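# Working through the structure, step by step
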Amino acid sequence: MSDYHRPDCKTLQTLKDVANKLRIHSIESTDASNSGHPTSCCSMAEIMSVLFFNTMRYTIAEPRGASNDRFILSKGHAAPILYAAWAEAGLFPTSELLNLRKLDNDLEGHPTPRLSFVDVATGSLGQGLSCAVGMAYMGKYIDKASYRVFCLMGDGESAEGSVWEAMAFASFYKLDNLVAVFDVNRLGQSDPTSLQHDVATYKARAEAFGFNTYIVDGHDVEVLCKAFHEASTVTGRPTCLVAKTFKGKGIPGIEDQMNWHGKALGKESANALKAIKDNMSNQGPHGLKPGAVVDDAPAVNIKNVALSEPPNYKKGQTVATRAAYGTALVKIGKNNNRVVAMDGDVKNSTFSIKFKEAFPDRFIECFIAEQNLIGTGIGVACRDRAVVFISTFACFLSRGFDQIRMGAISQTNVNFVGSHAGVSIGEDGPSQMALEDISMFRSIPGSTVFYPSDAVSCERAVELAANTPGVTFIRTSRPNSAVLYDNNEPFAVGKGKIVRESANDAVTVIGCCVTLEEALKAADKLAIDGIKIKVVDPFTVKPIDAELIIKCARATGGKIITVEDHYPFGGLGEAVCSAVSECRDITVKKLAVQDIPRSGKSAELIERFGISANCIVKAVNQILSQ
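Treat the numbers as computed from the prediction; the structure is a model and nothing was measured.

Time to look at the overall build of the protein. Within the protein one finds 21 helices and 19 strands. For 626 residues, the compact-globule estimate of 2.2 N^0.38 gives 25 Å, and the C-alpha radius of gyration of the protein, at 28 Å, lies within 12% of that figure. Overall, the protein is about 95 × 50 × 40 Å in size when its C-alpha atoms are taken along their principal axes. Taken across its 626 residues, the protein has 61% of its residues classed as buried.

See the structure below:
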């Protein structure tokens, strides 16, 4: 292999000894917690030893340093050996490993970014490679830096489709700074894996996806050193190592045996530890250090992201909020060169195409692979290197709910934008109508849910989302809606707006975008009969402006009607009910889409499914007659 210098015999032996040290730590730490996956750790010990002490370049002083190589343990249940590797590297004392899985310790059962050396949470299998390709894309095309990305996966998780979405993405974008490793240890949790040790088929699959691929003995440190070096010389293609290994390697009576997944060794530990130590030439300090970092990742600033210019609309002008999203995205992109937009082949519908046209080098097309789209976005956003906006039809984000959930555990700051929400999209029918999306994003811990009602508020929602920590979601709509606000109207997270009121309003009606417009129509109809209503735009559904809502309700005799282009479960209505739940004198009547809808014109569907102006008028009369 070109320019390859074989490590000397002493180094190779030390790498073997370190691998066995990692096994020992994994067994001892899982015994201390009486839980964990020591056999899953043992199959990958040599891979970890070679990566951390021969191949990877990183600094102990700054584990998340911008120029460090990245390592993602996709098979997150093998966390004990990851922790052991960092302890052996000198980040913290090895004695700390015995606190594994204890309540007040960050060495959790699966890795999370509570730890300084973990970028993304893993453990929901099949997701690590998507995050890795996002990091690799970031390194190659945006940071234009030397750092490399390594992702270690279990063979069992290769059954997940998201793995192959990520491999297709990596190949298409020629991510030659990425190395994917399959730890093919043959055994799953309850059965052998489908391919067991058929490494030729793994290789064929990886090659079919465009990877430079090697079959390696995953327990031979010299072979691993060579393969990782060769990967660093390959250009134009990502590399995959198919490593044949054995679960529980080095443990007599347990190696390559079923029924040891997820179990501490307990009474078998003494014999296991003796056998492993007998294979070591040196149990003392190893003296190996990580490779020197090439410090060429640029400094970045992603704070105080702002629109390059304020909104520019006329009141009454009709503009779809999805179009305003595209306009706002370009504006924040002008002001900050770390804004990155991503889409899943619907950019001409979500209007993220505007960003692609303005900044093609910062737009990432992820095609129709929403799970990878989300995972990749989480990877791009890692280490606070970019402000990431991910857009697609809101209904398709539900396909990646697990990735979004794991993103929250990963402390990601990714912004999601879902267009084509509700029955108001019209003729496309129910498969395209997001009616669960608000509920989904409200359920994510720490999330912020924006539901802008016009173009001005949508532009401000984009600006606010770019500066809001955690997962954010902006719900945009397909139909044009009238501009309600002045271009200089201020907006804030958790602060709603009263868009119509009088001194003698009888009911408070709360809606968003298309249903807010219907509420204003209903107000005009009711006014003919002398009935006045207060109309409220919440702007954010989470957090919702409880103070404003309660104030408005008390001014209208405790009567509230919510109207939403969403199912009744977990949406605007339930957010309002939660806000007033401790107020005994407030009644909430919810109008929402109660049934699975069908194709039709937007106005017809809004009427048929009970959220039109006529339906609001009827609901107002009903609540007043009670």
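Another point: the pattern of salt bridges. One pass over the structure, following the stated rule, counts 32 salt bridges. Salt-bridge contacts for K203 lead to E207; the nearest nitrogen and oxygen are separated by 2.6 Å. Residue K203 and its partner E207 are located together in helix α7 (residues 199-208), separated by four residues, close to a single helical turn. Here D428 and R478 are joined by a salt bridge, their closest N and O atoms 3.3 Å apart. With D428 in the loop between β10 (415-419) and α15 (437-442) and R478 in the loop between β12 (472-475) and β13 (480-482), the pair connects residues that are 50 residues apart, well separated along the chain. Accessibility expressed as a relative area gives 41% for D428, which makes it partly exposed. The exposure class assigned to R478 is partly exposed, which follows from its relative accessible area of 28%. One network of salt bridges, with partners in common, ties together R6, E222 and K226.

Right, let's talk about α7 for a bit. What α7 keeps buried is the set V199, Y202 and A206. Viewed end-on, α7 has its buried residues packed into an arc of 55°, placing them on one side of the element. Buried residues along α7 sit against α6 (161-172), β3 (178-184), β4 (212-217) and β5 (239-244). G210 sits one or two positions beyond α7 and adopts a positive phi of about 90°.

In this chain, K542 is followed by P543 through a cis amide linkage whose omega measures -5°. Within the secondary structure layout, P543 lies in the loop between β17 (540-542) and α18 (546-555). Positive phi values are uncommon outside glycine, yet R383 reaches one of about 60°. Mapping R383 onto the fold places it in the loop between α13 (370-381) and β9 (387-393). Non-glycine residue D384 carries a positive phi angle of around 55°.

To continue, consider the UniProt feature "domain: Transketolase-like pyrimidine-binding" (unreviewed entry) in the protein. According to UniProt, the feature "domain: Transketolase-like pyrimidine-binding" (unreviewed entry) maps to residues 319-483 in the numbering used here. Helix makes up 39% of residues 319-483 and strand 19%, whereas the separation of the span's terminal C-alpha atoms amounts to 7 Å.

Remark: helix α1 (residues 9-33) packs on helix α9 (residues 269-278), axes separated minimally by 10 Å, with the N-to-C direction vectors making an angle of 165°. Classified by the angle their axes make, α1 and α9 are roughly antiparallel. Judged by the twist between their axes, the crossing of α1 over α9 is left-handed. Across the interface between the two elements, N20, R23, I24, I27, E28 and D31 from α1 touch S269, A272, L273, I276 and K277 from α9. Considering only residue class, the contact of α1 with α9 consists of five nonpolar, two polar and four charged.

So, about the side chain of S269. Along the chain, S269 falls in helix α9. According to the relative accessible area criterion, S269 is buried, its value standing at 5%. Excluding residues that lie within four positions of it along the chain, S269 makes contacts with I27 and D31.

The next subject is the sheet that holds strand β18 (residues 559-563). Spatially, five strands are ordered β14-β16-β15-β18-β19 in an open sheet, and the strand pairing comes out mixed. A single partner strand is all that each edge strand has here, and the edge strands are β14 (497-500) and β19 (587-591). Put simply, the sheet's adjacent strands are angled 30° from each other on average, direction ignored. Strand direction decides the pairing type here: β18 and β19, joined by five bridges, are parallel.

So, about the domain arrangement of the protein. In many analyses, interface size is given as the accessible surface area lost on bringing the parts together. Each assigned domain of the protein is listed here: domain 1 (16-103 + 115-278), domain 2 (317-483) and domain 3 (497-625). A separation of 52 Å is found between the C-alpha centroids of domain 1 and domain 3.

As a further point, take the environment of D384. Note on placement: D384 falls in the loop between α13 and β9. With relative accessibility at 45%, the residue D384 sits in the partly exposed group. Through-space distance from the C-alpha of D384 to that of N348 is 28 Å; in sequence the pair is 36 residues apart.

Judged by nonpolar contacts, the single largest core of 87 residues is most densely connected at L129, L175, L178, F416 and F441. The element contributing the most residues to this core is helix α5 (residues 128-142), with nine residues. In terms of nonpolar packing, the next biggest core, distinct from the first, is built from 52 residues, F52, L152, V221 and V234 among them.

Aromatic ring pairs are reported here in terms of the distance separating the ring centres and the angle at which the planes meet. Scanning all chains against the criterion turns up 25 aromatic pairs. With a centroid separation of 4.7 Å and 50° between ring planes, the pair formed by F169 and Y173 is classed as tilted. By relative accessible area, which is 4% here, F169 ends up buried. Using a relative accessible area of 12% as the deciding quantity, one classes Y173 as buried. Ring geometry for Y325 and F389: centres 6.4 Å apart, planes at 45°, overall tilted. With Y325 in helix α10 (residues 321-335) and F389 in strand β9, this pair connects stretches of sequence that are 64 residues apart.

Cut-off values and rules
- Residues numbered from 1 in each chain as written.
- Predicted model: local features only at pLDDT ≥ 70, side-chain atom pairs only at ≥ 80, totals over all residues.
- Heavy atoms only, no water.
- Helix = DSSP H or I, 4+ residues; strand = E, 2+ residues; numbered from the N terminus.
- Rg over C-alpha atoms; globule rule 2.2 N^0.38 Å.
- Buried < 20%, exposed > 50% of the residue type's maximum accessible area, 1.4 Å probe, protein only.
- Salt bridge = Lys/Arg side-chain N within 4 Å of Asp/Glu carboxyl O.
- Arc of directions from axis to C-beta.
- Contact = heavy atoms within 4.5 Å.
- UniProt positions renumbered as here; feature names shortened; annotations may be inferred.
- Axes fitted to C-alpha atoms, helices over the stretch in contact; angles between N-to-C directions.
- Parallel < 35°, antiparallel > 145°, perpendicular 65-115°, else oblique.
- Left-handed = near helix turned anticlockwise from the far one by under 90°.
- Nonpolar A, V, L, I, M, F, W, Y, C, P; charged D, E, K, R; others polar.
- Pairing = 2+ DSSP bridges.
- Domains from an automatic or database assignment.
- Core = buried A, V, L, I, M, F, W, Y, C linked by side-chain atoms within 4.5 Å.
- Phe/Tyr/Trp six-rings, centres within 6.5 Å; stacked < 30°, edge-to-face > 60°.

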